Amino acid sequence: MTPPQRILFSPEEICMDWQQRQRPGPGLRNLGSTCYINVILQCLTYTPPLANYLLSCEHSQLCFQQGFCMMCIMEAHVRKVLRSSASSIWPKAVIRDLKLIGEEFEPDTAGDAFEFLCCALKAMQRACLGGSSNLDISSQTTTIVHQIFGGLLKSRVTCLRCQAVSDSYKTFLHILLDIKEASSLTAALEDFVTPKQLDGKSCFKCSKCEKKVTISKRVTVHHVPKVFTVCLERAADHTGKKISTFVEYPEYLDLLPYMSDTAAEPLLYSLYAVVVHSGDTCLDGHFFCYTKASNGLWYKMDDESVDNCGIHAVLRQQAYLLFYARCSDLKMREMAASSLTPSYAHSFLSECEGSSKQAGSAGPQGLPDRKTLTCCQRKNAREKAQSRSLQRGNDRCSRFVNSTDYDNSTGRKRKKTSPPGRDHTPQDGTDSKPSKRSCQRAPAPSAAQEQSLQRQREQGRSLRQGYDLRRRFVEITDYHQSAKKRRKHSFGINGQKNQSQN
Ligand SMILES: [Zn+2]
Ligand SMILES: [Zn+2]
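Residues numbered from 1 in each chain as written. Chains lettered and ligands numbered in written order. Predicted model: local features only at pLDDT ≥ 70, side-chain atom pairs only at ≥ 80, totals over all residues. Heavy atoms only, no water.

Participant: Can you help me understand the overall build of the protein chain in this one?
Facilitator: From N to C terminus, the protein chain includes 16 helices and 16 strands. The buried share of the protein chain, taken over its 502 residues, is 58%. Intrachain contacts of the protein chain at a sequence separation of at least 6 include 77% that bridge at least 24 residues. Carbon and sulfur atoms make up 48% of the accessible area of the protein chain, which amounts to about 20,700 Å² in all. (Helix = DSSP H or I, 4+ residues; strand = E, 2+ residues; numbered from the N terminus. Buried < 20%, exposed > 50% of the residue type's maximum accessible area, 1.4 Å probe, protein only. Contact = heavy atoms within 4.5 Å. Areas by Shrake-Rupley, 256 points an atom, 1.4 Å probe, with all protein chains shown as cover.)

Participant: Can you walk me through the packing of helix 1 (residues 35–45) against helix 7 (residues 113–129) in this structure?
Facilitator: When two helices pack together, their arrangement is given by the angle between the helix axes and the distance between those axes. Relative orientation of the contacting elements helix 1 and helix 7 amounts to 55°, with a least axis distance of 9 Å. Classified by the angle their axes make, helix 1 and helix 7 are oblique. When you trace helix 1 past helix 7, the crossing you get is right-handed. Where helix 1 approaches helix 7, its residues Tyr36, Ile37, Val39, Ile40 and Leu44 are matched on the opposing element by Ala113, Phe116, Leu117, Leu121 and Met124. Its residues assigned to classes, the contact of helix 1 with helix 7 shows ten nonpolar, no polar and no charged. (Axes fitted to C-alpha atoms, helices over the stretch in contact; angles between N-to-C directions. Parallel < 35°, antiparallel > 145°, perpendicular 65-115°, else oblique. Left-handed = near helix turned anticlockwise from the far one by under 90°. Nonpolar A, V, L, I, M, F, W, Y, C, P; charged D, E, K, R; others polar.)

Participant: So what exactly am I meant to see when it comes to the coordination of the zinc ion (ligand 1) here?
Facilitator: Each donor-metal-donor angle in an ideal tetrahedron of four donors is 109.5 degrees, and each such angle in an ideal octahedron of six donors is either 90 or 180 degrees. Coordination of the zinc ion (ligand 1) by the protein comes from His59 (NE2), Cys63 (SG), Cys69 (SG) and Cys72 (SG), over a distance range of 2.1 to 2.3 Å. We note that the donor set of the zinc ion (ligand 1) lies within a single chain, spaced as H-x3-C-x5-C-x2-C. Residue His59 is located in helix 3 (residues 58–62), and its partner Cys69 is located in the loop between helix 3 and helix 4 (70–83); the two are separated by ten residues in the primary sequence. Comparing His59 with Cys69 shows no difference in burial state: the two are buried. (Donors = N, O, S within 2.8 Å, 3.2 Å for Na, K, Ca; no water.)

Participant: Please explain the sheet that holds strand 3 (residues 151–159) as it appears in this structure.
Facilitator: Judged by pairing direction, the sheet is antiparallel, and its four strands sit side by side in the order 4-3-9-6 without closing on themselves. One side of each edge strand has no neighbouring strand; the edge strands of this open sheet are strand 4 (165–172) and strand 6 (196–198). Each strand axis lies, on average, 30° off the axis of its neighbour in the sheet, ignoring direction. Examined bridge by bridge, strand 3 and strand 9 (residues 215–223) share eight bridges and lie antiparallel to one another. The residue of strand 9 that forms the bridge with Arg156 is Arg218. (Pairing = 2+ DSSP bridges.)

Participant: Please clarify how the nonpolar core should be interpreted in this entry.
Facilitator: Nonpolar side chains in soluble globular proteins generally cluster together in the buried interior. By size, the foremost hydrophobic cluster in this structure holds 68 residues, and its most contacted members are Phe116 and Val275. Per-element tally for this core: the top contributor is helix 7, with eleven residues. Here Val275 is in contact with Val39, Cys43, Ala113, Phe287, Phe288, Cys289, Ala319, Tyr320, Leu321 and Phe323, once residues within four sequence places are set aside. Grouped together as the second largest cluster of nonpolar side chains are 39 residues, Ala182, Ala188, Val219 and Val247 included. (Core = buried A, V, L, I, M, F, W, Y, C linked by side-chain atoms within 4.5 Å.)

Participant: What exactly am I supposed to notice about the coordination of the zinc ion (ligand 2) here?
Facilitator: Note on the zinc ion (ligand 2): its protein donors are Cys159 (SG), Cys162 (SG), Cys206 (SG) and Cys209 (SG). The metal-donor distances range over 2.2 to 2.3 Å. Here the zinc ion (ligand 2) is ringed by four donor atoms whose angles at the metal span 105 to 114°, and the overall shape comes out tetrahedral. (Tetrahedral: all angles 85-135°; square planar, octahedral: opposite > 155°, others 65-115°.)

Participant: How should I be thinking about helix 2 (residues 48–55) in this particular structure?
Facilitator: Residues spaced three or four apart along an α-helix point in a common direction, a consequence of the helix completing one turn every 3.6 residues. Judged by how many residues are buried, helix 2 sits mostly within the fold: eight of eight residues are covered. Residue Cys57 follows helix 2 closely and has a positive phi angle near 65°.

Participant: For this particular structure, what's the right way to read the confidence of the model for the protein chain?
Facilitator: Detailed reading of the predicted coordinates is not advisable wherever pLDDT falls low. Considering every residue of the protein chain, the mean pLDDT works out to 73; 65% of them sit at 70 or more. Within the model, the stretch residues 348–450 combines pLDDT values under 50 with 274 contacts to residues more than four positions away or in other chains. Contacts of residues 455–502 to residues separated by more than four positions or lying in other chains number 167 contacts, the stretch itself having pLDDT below 50. (pLDDT = per-residue confidence, 0-100.)

Participant: Help me understand the pattern of salt bridges in this model?
Facilitator: If charged atoms from side chains of opposite charge come close, those side chains can pair. Counting across every chain of the model gives four salt bridges. Here Asp97 and Arg96 are joined by a salt bridge, their closest N and O atoms 3.0 Å apart. The pair Asp97 / Arg96 is uniform in exposure class, with both members buried. The partner of Asp167 in a salt bridge is Lys154, and the shortest N-O contact between them spans 3.8 Å. With Asp167 in strand 4 and Lys154 in strand 3, this residue pair connects regions lying 13 residues apart in the sequence. A residue is classified by how much of its surface remains accessible, and Lys154, at 10% relative accessible area, is buried. The structure contains a network of salt bridges with shared partners spanning Lys154, Arg156 and Asp167. (Salt bridge = Lys/Arg side-chain N within 4 Å of Asp/Glu carboxyl O.)

Participant: Mind showing me how you'd approach the pairing of strand 10 (residues 227–233) here?
Facilitator: Every regular strand shows the same layout, with side chains that alternate between the two sheet faces. The element strand 10 is largely enclosed, with a buried count of seven among its seven residues. Of the two faces of strand 10, the one lined by Val227, Thr229, Cys231 and Glu233 and the one lined by Phe228, Val230 and Leu232 are each fully buried. Across four bridges, strand 5 (residues 175–178) lies against strand 10 in parallel orientation. In the strand pairing of strand 10, Ile175 is matched with Val230. Strand direction decides the pairing type here: strand 10 and strand 16 (residues 319–326), joined by five bridges, are antiparallel. Bridge pairing in strand 16 places Val227 opposite Ala325.

Spelled out as structure tokens, the structure:
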């Protein structure tokens, strides 16, 4: 239980509600195989607490990073998208520095959206840490990236011979769920927190018995993130076969049943982004996404196209990645006042009036063994695919990852494909660090009151909740390693016959 020596970003400063309301920005152009990058950029752009922070220019005002800085890139990108009147934008800086975000990515080779998300968050985390490389591990989990996306998992191992119990904790920025047996997100989460029995071959040595024993392992969410990011593993095996079943997911998700401890209030999350992979296998296809803009409306974002759609369309997809943001008190009250009020909001209100609620008992659980493979999707047929496919069609990456235990994965094997295309990528002359003078932190006058009220509530709530970083102890927190482990995954699919959907 090591308390952080430094708090790099105070959680009280995170604003979960949009500070500005507007229609969505433009779509993103596809270089030919970069739809996996575009969907993640769009989902991050419409992540309210991240966008609020980036739009404030707080990062660039304090950044002394020489050369590549993912936070500066994201700040410039989000500002450009949300302030642009262009019909589409080319994310030049991201493409230019793709190899610095993740060595395995090539500008002209298809990749996996979840893998790119992992690498992007990791690069943002590195940028937040800047030069402070000797920070203790607990302090490293106080960056804005961890304050938004980071949570804590608890793993309880019980020796079935002597009943000795040992707990360990691990930070996470996203969770990968096995959906082989699950027809819904909540079922997959229930499975995630269900105890798993592992025999002596699991190599767990009980310190009391002093020998390898059969254990029961259960994993629970110990500390929830502000933004809960889930990947539904759609790789059926190592061959590229996809699990194309529809997995139901709610617009509002309560994480309370999956917690290790009781909680005083509901842990209600609201869906704000969905990434879909269309294609018959993990080895080809196309990524697109649905995001909720700050105006509260949903849009289908498919590279450069941005089209209005309804929540019903959003909830009917064969989702690959799901992004949920924790509801603020203000949001809960708004929902309670509306006719579309989920029952959660009512229970929230009654709790605010005094009663306390016990958290559901967390089922025992174990992390599922993971078979991971990385899918390569097909280049987007809409652009440039033709000539390139002829030349490179055969080396469409078939990245392949060994079967990996969630806890014991090894480093991934990378396949070197074509030479980096960076030299051919135009330099970014316009995405440079924004002028500090142009930062507009002030919300629109009409939103000022709401924001002020919301902030007061958020702060009061944060204090009541005792979101106490000092209590966030981490025994197993090698962030980089865990992120690497999770990078082996699958990807999603979309039931539709993907093909060249141009
Ligand atoms: Zn920077
Ligand atoms: Zn024992």
